[in-house]
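Spelled out, the chains give:
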Amino acid sequence: MSKSIDYDKALEYWAEIPPTVDGVLGGFGYISNVDIIGSTQFLNNLFSQGIGPGRQIALDCGAGIGRITKHLLAPHFNEVDVIEPDKKFLTELLNYVGQDSKKVGTLYNSSLQNFQPERKYDVIWNQWVLGYLKDEDLVSYLITCRKSLTKNGVIIVKENVTSSGFTEPDEADSSITRCFKQYITIFKKANLKRIKQCKQTNFPNGIYPVYMFALIPNKDHNSDQ
């Protein structure tokens, strides 16, 4: 089903999308507040655990105009790096983030599959972006993220999940929506262990279920794999 993904076609699709909240959320801008509330609760729960992640540097992956940077990450971290393949979104990001833009660190204009970050991140946040990666590239990308974490660092994945149990393609933007089981298989291949997961609540009917996963390196295996 990864064959349904065409990286060039996806870039062409996003090149036509306006740099607005409604644009980056595919016309579902009205769910942004509920989404941020759910993410904030999830993140705060991780912080409250005995050995939770630090609060120095976070990475917002597929950041768009910085919706998650502004409303979720900047309030909780000293610095936020962002990665976004579409240049126009990065151009708008600092303006959108506003007064907290001083917390924005490095702006990476890169695709996720080609990204090679430093090892410095307490939290790496991936939301509504992993469906644009082919399975093999997603595993490699998550391994790259794993190797970029600080000692108690955590990778967050927040993604749509199919109810059918199968992968479902979206030909319009050249993405796929994976089922729950596929994500679990991919996490294992990337040598990541789930320490927390929950379903986003209070989203409208008629859209995909959205799950949040907190992932850490699996210490039972060689973390350099």
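These numbers come from a predicted model, not from an experiment.

## Focus on helix α3 (residues 32-48)
Structural remark: α-helix, 3.6 residues per turn; residues separated by three or four positions point the same way. Here α3 is 17 residues long and its end C-alpha atoms lie 24 Å apart, about the 24 Å a rise of 1.5 Å per residue gives. Every buried residue of α3 is listed here: S32, D35, I36, G38, S39, F42, L43, L46 and F47. Residues of α3 that are buried sit in contact with α2 (21-24), α4 (67-73), β4 (121-127), β5 (149-160), β8 (192-199) and β9 (210-217).

## A few points about the UniProt feature "binding site: S-adenosyl-L-methionine" (unreviewed entry) in the protein chain
Taken from the UniProt record, the annotation "binding site: S-adenosyl-L-methionine" (unreviewed entry) applies to G62, R67, L112, Q113 and Q127. Looking only at the residues we just named, the largest pocket is lined by G62, R67, L112, Q113 and Q127. When near neighbours in sequence (up to four residues on either side) are disregarded, R67 contacts V21, L25, S32, D35, I36, Y96, Q127 and W128. Within polar-contact distance, the side chain of R67 engages the side chain of S32 at 3.1 Å.

## As for the sheet that holds β5
Spatial ordering of the open sheet is given by β3-β2-β1-β4-β5-β9-β8, a layout of seven strands whose pairing is mixed. Either end of the sheet is taken by a strand with one partner, and the two such strands are β3 (104-108) and β8. Sheet twist, expressed as the average angle between the axes of neighbouring strands with direction ignored, equals 20 degrees. Running over the sheet, helix α6 (residues 135-146) touches β1 (57-61), β4, β5, β8 and β9 and is turned about 145 degrees from β5.

## With respect to the layout of surface pockets
A water-sized probe rolled over the atoms picks out the places where empty space is left. Here the largest pocket defines a volume of roughly 1,100 Å³. W14, V24, W128, Y132 and D173 are, among the 45 residues lining the largest pocket, the residues nearest its centre. Elements supplying a minimum of two residues to the lining of the largest pocket: α1 (7-15), α2, α4, β5, β6 (168-170) and β7 (175-177). Estimates place the volume of the second largest pocket at around 180 Å³.

## Considerations on the packing of α6 against helix α7 (residues 180-189)
Orientation of α6 relative to α7, taken along the N-to-C sense of each, is 50 degrees, at an axis distance of 9 Å. Between α6 and α7, the interaxial angle falls into the category oblique. Where α6 crosses over α7, the handedness of that crossing is right-handed. Facing D135, L138, V139, L142 and I143 of α6, the residues of α7 in contact are Y183, I186, F187 and K189. In the contact of α6 with α7, the residues fall into seven nonpolar, no polar and two charged.

## Looking at the packing of aromatic side chains
All chains considered together, the criterion is met by 13 aromatic pairs. When the ring of Y13 is compared with that of W14, the centres are 5.3 Å apart and the planes differ by 90 degrees; the resulting orientation is edge-to-face. Looking at Y13, the relative accessible area reads 28%, which means it is partly exposed. Put simply, the rings of F180, Y183, F187, Y211 and F213 touch in pairs and so form one group of aromatic residues. One residue, K134, lies across the ring of Y7, its end atom 5.2 Å from the ring centre.

## Concerning α7
Within α7, burial applies to Y183, I184, I186 and F187. The buried residues of α7 all sit within an arc of 165 degrees when viewed along its axis, so they share a single face. Relative to its buried face, α7 has exposed residues pointing more than 90 degrees away, namely K181, K188 and K189. Tucked inside the fold, the buried residues of α7 contact α6, β5, β8 and β9. Where α7 ends, the next residue or the one after it, N191, has phi of about 60 degrees, a positive value.

The rules behind these values
- Residues numbered from 1 in each chain as written.
- Predicted model: local features only at pLDDT ≥ 70, side-chain atom pairs only at ≥ 80, totals over all residues.
- Heavy atoms only, no water.
- Helix = DSSP H or I, 4+ residues; strand = E, 2+ residues; numbered from the N terminus.
- Expected span 1.5 Å × (residues − 1).
- Buried < 20%, exposed > 50% of the residue type's maximum accessible area, 1.4 Å probe, protein only.
- Contact = heavy atoms within 4.5 Å.
- UniProt positions renumbered as here; feature names shortened; annotations may be inferred.
- 1 Å grid on protein atoms, 1.4 Å probe; cavity = no way out; pocket = protein on both sides within 12 Å on 5 of 7 lines; lining within 4 Å.
- Polar contact = N/O pair within 3.5 Å; in protein donor to acceptor, adjacent residues only side chain to side chain.
- Pairing = 2+ DSSP bridges.
- Axes fitted to C-alpha atoms, helices over the stretch in contact; angles between N-to-C directions.
- Points joined across faces, edges and corners; volume = space filled by probe spheres on them.
- Parallel < 35°, antiparallel > 145°, perpendicular 65-115°, else oblique.
- Left-handed = near helix turned anticlockwise from the far one by under 90°.
- Nonpolar A, V, L, I, M, F, W, Y, C, P; charged D, E, K, R; others polar.
- Phe/Tyr/Trp six-rings, centres within 6.5 Å; stacked < 30°, edge-to-face > 60°.
- Lys NZ or Arg CZ within 6 Å of the ring centre and 35° of its normal.
- Arc of directions from axis to C-beta.

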